[in-house]
Amino acid sequence: MQMGQLIVFTGPSGVGKGTLLRSLLARHPELELSISVTTRAPREGEIEGRHYYFVNREQFQGLIATGQLLEWAEFAGNCYGTPRTPVEEMIAEGKLVVLEIELEGARQVRETFPGALQLFILPPSPEELERRIRVRGQDSEEAIARRLHRAQVEIAAADEFDIVIVNDDFDRALEAIEMALFAPVS
Ligand SMILES: Nc1nc2c(ncn2[C@@H]2O[C@H](COP(=O)(O)OP(=O)(O)O)[C@@H](O)[C@H]2O)c(=O)[nH]1
Ligand SMILES: Nc1ncnc2c1ncn2[C@@H]1O[C@H](COP(=O)(O)OP(=O)(O)O)[C@@H](O)[C@H]1O
């Protein structure tokens, strides 16, 4: 059986990664989303095991110490990591596995999985990014400020990625992602 592949999605908080990925996954059942572990508190409506595995700091440290995370990073005051075993199993089964992770994690994956395809999603403007984070209405002022600060660092690193897509018009961005993932290479 053919080995699968890792696909990394990175981009500033609020750019629309989660929304784009939901549409992408609904349209392409061959894609599998890796569910991350986080120390962040669940947002309203978030479900354990579907959006994240929610753990405390001690549990997270235990996962690091026992080598159970493929990559991990701290973001806006919380820890996030990718459980290693499910990803390795899905790749061995020939699946296309999507990681939605921030910049530091994407850099780690670049070292450990050089064959991974790395996409970066940009906002049309900083003002629109802030508007989207606020419209989502899920974060405290402090969390929003941390995310916007981090966004500047992440956007400055967009050039490191294989493919950069601007999420201005949603359908166009989705189409550009599909082209990047599925268009035959000539
Ligand atoms: N390195 C790493 N980053 C992650 C992981 N899971 C989520 N993230 C990133 O952590 C950041 C914060 O995620 P979250 O708290 O859900 O906020 P949101 O991006 O504003 O919806 C985002 O950039 C996610 O892409 C992970 O397993 N590893
Ligand atoms: N192309 C777009 N135009 C306008 N709003 C968008 C677009 N894409 C996503 N959004 C909205 O922006 C907000 C943040 O999106 P989300 O997927 O939560 O971002 P992320 O996962 O990158 O943090 C959501 O309210 C979402 O509906």
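Residues numbered from 1 in each chain as written. Chains lettered and ligands numbered in written order. Predicted model: local features only at pLDDT ≥ 70, side-chain atom pairs only at ≥ 80, totals over all residues. Heavy atoms only, no water.

Taking an unreviewed UniProt entry as the reference, the protein chain is identified by name as Guanylate kinase belonging to Laspinema palackyanum D2a. On record in UniProt, under Function (unreviewed entry), the comment for the protein chain is "Essential for recycling GMP and indirectly, cGMP." Under the UniProt heading Subcellular location (unreviewed entry), the note attached to the protein chain is "Cytoplasm". (UniProt positions renumbered as here; feature names shortened; annotations may be inferred.)

One can find Gly 67 in the loop between α2 (57-65) and β5 (69-75). Distance in space between the C-alpha atoms of Gly 67 and Cys 79 is 15 Å, their sequence separation being 12 residues. (Helix = DSSP H or I, 4+ residues; strand = E, 2+ residues; numbered from the N terminus.)

This next bit is on the side chain of Arg 147. Relative to the assigned elements, Arg 147 resides in helix α6 (residues 141-156). One buried charged side chain, Arg 147, makes no salt bridge at all; its nearest oppositely charged neighbour is Asp 139, positioned 4.2 Å away. Once you skip the residues sitting within four places of it in the chain, Arg 147 turns out to touch Ser 13, Arg 40, Arg 43, Phe 75, Ala 76, Tyr 80, Ile 133, Arg 136 and Asp 139. (Buried < 20%, exposed > 50% of the residue type's maximum accessible area, 1.4 Å probe, protein only. Lys, Arg positive; Asp, Glu negative; His and termini not counted. Salt bridge = Lys/Arg side-chain N within 4 Å of Asp/Glu carboxyl O. Contact = heavy atoms within 4.5 Å.)

Looking now at the sheet that holds strand β9 (residues 163-166). Strand order in this open sheet of 5 strands is β2-β7-β1-β8-β9, and the pairing throughout is parallel. With partners counted over all chains shown, the strands left at the sheet margins are β2 (31-33) and β9, one partner each. Recorded for the sheet is a direction-independent mean angle of 25° between the axes of neighbouring strands. In this sheet, β9 lies alongside strand β8 (residues 117-122) in parallel orientation, the contact comprising 4 bridges. Bridged to Phe 120 within β9 is Val 164. The strands that helix α1 (residues 17-27) touches are β1 (5-10), β2, β7 (96-100) and β8; relative to β2, the one it contacts most, it runs at about 140°. Packing against the sheet, helix α3 (residues 84-92) makes contact with β1, β2 and β7, and its axis sits at approximately 150° to β7. (Pairing = 2+ DSSP bridges. Axes fitted to C-alpha atoms, helices over the stretch in contact; angles between N-to-C directions.)

This part covers the packing of α1 against helix α7 (residues 170-182). At a closest axis distance of 10 Å, the pairing of α1 and α7 adopts a crossing angle of 55°. Overall, the two elements α1 and α7 adopt an arrangement that is oblique. Judged by the sense of rotation from one axis to the other, the crossing of α1 with α7 is right-handed. Residues Thr 19, Leu 20, Ser 23, Leu 24 and Arg 27 of α1 pack against Phe 170, Ala 173, Leu 174, Ile 177, Glu 178 and Leu 181 of α7. Here the residues of the contact of α1 with α7 sort into 7 nonpolar, 2 polar and 2 charged. (Parallel < 35°, antiparallel > 145°, perpendicular 65-115°, else oblique. Left-handed = near helix turned anticlockwise from the far one by under 90°. Nonpolar A, V, L, I, M, F, W, Y, C, P; charged D, E, K, R; others polar.)

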